[in-house]
Amino acid sequence: MTETPAPGNKPAEEPKELTAGPFGEFLREHGIASTRLPDSTGVETVLVEGKDLEAALKRLRNSQETELNYLVAVSGVEQADSFESVYHLWSYTNLKELVVKVRVAKSAVPEGKLPVVPSLANFWPAANWHERESYDLMGIRYSGHPYLRRILNPWDWEGHPLRRDYKQPVDSLNDKNPHSMR
Amino acid sequence: MSVELSSPDLKTDEMIINMGPQHPATHGVLRLILTLDGEICKHVEPVLGHLHRAQEWQGQNRTWFQYQALIDRVDYLSGMYTSWAMARAAEQIDGLVVPKRAEYLRVILSEMNRITSHLLWLGTYLIDLGAMFGFPFYPFREREKLFDLFEEVAGQRMMFNYIRIGGVLRNPPFGWFDKLKRFTDEFPDRIDEYEAIVTENPIFLKRTKGVGILKKETAMAYGVTGPCIRASGIPLDLRKTKPYSVYPELDFKVQTMDGDGDTWARYMCRIREMRESNEIIRQAIEKIPGGTTEELRKLLGTTGPEKDESKDLDPSFLLMAKKQNAGLRVKAGEGFAAVESPRGTIGCYVISNGSDKAYRFKWRNPSFCNLSVLPELLVGAPIADIMAIFGSIDVILPDVDR
């Protein structure tokens, strides 16, 4: 039997610093700091700070150079020590693609609170439902979202089902109380 | 189309009514909370999740091998594409090169699946518009023929589980390619028949022309894909714009419509796509390495499809690049892969940690994204047009709710 790898896809030791790719350079030219992460199967992946997210995506979307105007998906991911919000950006007009990640360390999240990432929904409607879904299933709060409400689960559902520490209700169909004797 | 009904002495009040989730025209279980001013829609709130089956959770708690069988249910009208998206994501992470013959079989079967999906849409959409006179069953005639062919290959009519990580399950049986060829020969005539009834039909034109106009900019902002955005004039078709599999070797056009992108344009775009898919199938049958199953058998001089793995075989005739067993593992890594499904870009974001289960699965479903533009389209439309507009987006609710 092979041993089961630890949860999360992070390698044990951090790989050496990667040099910025074309999009990383582009962001730096416009005064936005970003860190390059290991490529996601051949696609440049950058990590930006939450406060820079809106400026970065607006630049990438509207600039003639990049034209990353197709937001494919927003995914919430729980890693071993952090929460990530992952944005897959494509273009309607060219072949470019980019993955942008925002990380919130678990240690920075106060007890009983949700990790907070700024919302894109106000200037990019495509993000609206994706962010609601990520909030519903992964419990990431998107600050500034116009209508952050559960989308797939019932409105009064408790917990966020894709979290690693989520406990299923005993009878999730009929009874939400986990201590129910039914 | 927006209609103004107002009069200075008419006292009006807004009314909130609930459409669905058991409404027959919502293609499953969608609930719309409508705020109406008389006949006119002022605000729409879609309520999703009645069919939520936690597909992502299941992907993370079942092995790769088990989950392969489940994902056809994500979008049950085009199961080939959900399988294909997931298989491509895993292949990218694993660095697998799928054999050519398997790629061609994928293209043939998934284009067949595109036709069946559009045919069902055509039939049910006419019902949505009130055409209860029997037309809806004509598309089902062709659909049944294709389902018989699917059954012969995959053993199932709708939930195929045929495209696997690394290839496809098996070769089609003897005589299958001939049957398919016969189908492709007669299918254009069948589409002509549908068009003769529907395309120029004055009632149909009245219900669809200028209704539910989806502007380019709105469509792009909302991440709309598939026939909906091509009908608005943007040539986004992953088969051309981000070519995958063997599509670069095949000759076909992306079907876009000029004009506003109204409901009629979306109908016409799908009709043209069916013709195009038919052409793709015809070409793929000609070009498939090894030819039909009989020819392949003759070429190899063997008697069973099981002999596919013999040593002297041309590697492009193989079907599978990875062993299919319960211990199927995918290397550690992450990746996003998407294919062009009948409804648009269906994608799969996978994070694998090298074990027999995925660490994180995220589906990017075309119906989910296309549906988010619905409130935008419905505001200002009369209540009678709601189903005409909703139906024309071709949403499939299991794909929205997963």
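Residues numbered from 1 in each chain as written. Chains lettered and ligands numbered in written order. Predicted model: local features only at pLDDT ≥ 70, side-chain atom pairs only at ≥ 80, totals over all residues.

Structural notes on the overall build of chain B
Line of reasoning, step 1. In terms of regular secondary structure, chain B is built from 16 helices and 8 strands.
Line of reasoning, step 2. Taken over the C-alpha trace, chain B has a radius of gyration of 22 Å; the compact-globule value for 402 residues is 21 Å, and the two agree within 12%.
Line of reasoning, step 3. Among the 402 residues that make up chain B, the fraction classed as buried is 48%.
Line of reasoning, step 4. For chain B, the share of sequence-separated contacts (at least 6 apart) that also reach a separation of at least 24 residues comes to 72%. (Helix = DSSP H or I, 4+ residues; strand = E, 2+ residues; numbered from the N terminus. Rg over C-alpha atoms; globule rule 2.2 N^0.38 Å. Buried ≥ 20, exposed ≤ 12 C-beta atoms within 10 Å, placed from the backbone. Contact = placed C-beta atoms within 7 Å.)

Describing the packing of helix H3 (residues 79–94) of chain B against helix H4 (residues 100–128) of chain B
Residue and element names in this part refer to chain B.
Line of reasoning, step 1. As a packed pair, H3 and H4 sit with axes 8 Å apart at the nearest point and diverge in direction by 140°. Compared by their axis directions, H3 and H4 come out oblique. Residues Met80, Tyr81 and Trp84 of H3 pack against Arg106, Leu109, Ser110 and Asn113 of H4.
Line of reasoning, step 2. For the contact of H3 with H4, a count of residues per class yields 4 nonpolar, 2 polar and 1 charged. (Axes fitted to C-alpha atoms, helices over the stretch in contact; angles between N-to-C directions. Parallel < 35°, antiparallel > 145°, perpendicular 65-115°, else oblique. Nonpolar A, V, L, I, M, F, W, Y, C, P; charged D, E, K, R; others polar.)

A closer look at the sheet that holds strand E1 (residues 34–40) of chain A
All names here are of chain A.
Line of reasoning, step 1. As summarised here, the arrangement of the 5 strands in space is E1-E2-E5-E4-E3, forming an open sheet in which the pairing is mixed. Strand pairing shows two members of the sheet lacking a second neighbour, E1 and strand E3 (70–78), which therefore form its edges. Strand-to-strand twist across the sheet, computed as the mean angle between neighbouring axes with direction ignored, equals 25°.
Line of reasoning, step 2. In this fold helix H2 (residues 53–62) packs onto strand E2 (43–48), strand E4 (82–90) and strand E5 (97–105), with an angle of close to 175° to the strand it touches most, E5. (Pairing = 2+ DSSP bridges.)

Considerations on the sheet that holds strand E2 (residues 31–37) of chain B
Residue and element names in this part refer to chain B.
Line of reasoning, step 1. Taken together, the 3 strands give an open sheet; going across it, the order is E1-E2-E3, and neighbouring strands pair in antiparallel fashion. Two strands in the sheet have a free side with no partner beyond their single neighbour: strand E1 (14–19) and strand E3 (40–47). Averaged over all pairs of adjacent strands, the angle between their axes in this sheet comes to 20°, without regard to strand direction.
Line of reasoning, step 2. Pairing of E2 with E3 involves 7 bridges; the strand directions are antiparallel. Residue leucine 36 lies in a different strand from E3, and its bridge partner there is cysteine 41.

Some words on the interface of chain A and chain B
Line of reasoning, step 1. Across the contact, 28 residues belong to chain A and 36 residues belong to chain B.
Line of reasoning, step 2. For the side of chain A that touches chain B, the elements supplying multiple residues, two or more each, are E3 and helix H3 (126–138) of chain A.
Line of reasoning, step 3. For the side of chain A that touches chain B, a count of residues per class yields 18 nonpolar, 10 polar and no charged.

Remarks on the packing of helix H6 (residues 176–198) of chain B against helix H11 (residues 263–287) of chain B
Residue and element names in this part refer to chain B.
Line of reasoning, step 1. At a closest axis distance of 10 Å, the pairing of H6 and H11 adopts a crossing angle of 160°. When the interaxial angle is binned, H6 and H11 end up roughly antiparallel. In this structure, H6 meets H11 at a crossing whose hand is left-handed. For the pair H6 and H11, contact is made by Phe177, Leu180, Lys181, Thr184, Phe187, Pro188, Ile191 and Glu195 and by Ile271, Met274, Arg275, Asn278, Ile281, Arg282 and Ile285, respectively.
Line of reasoning, step 2. Partitioning the contact of H6 with H11 into residue classes produces 9 nonpolar, 2 polar and 4 charged. (Left-handed = near helix turned anticlockwise from the far one by under 90°.)

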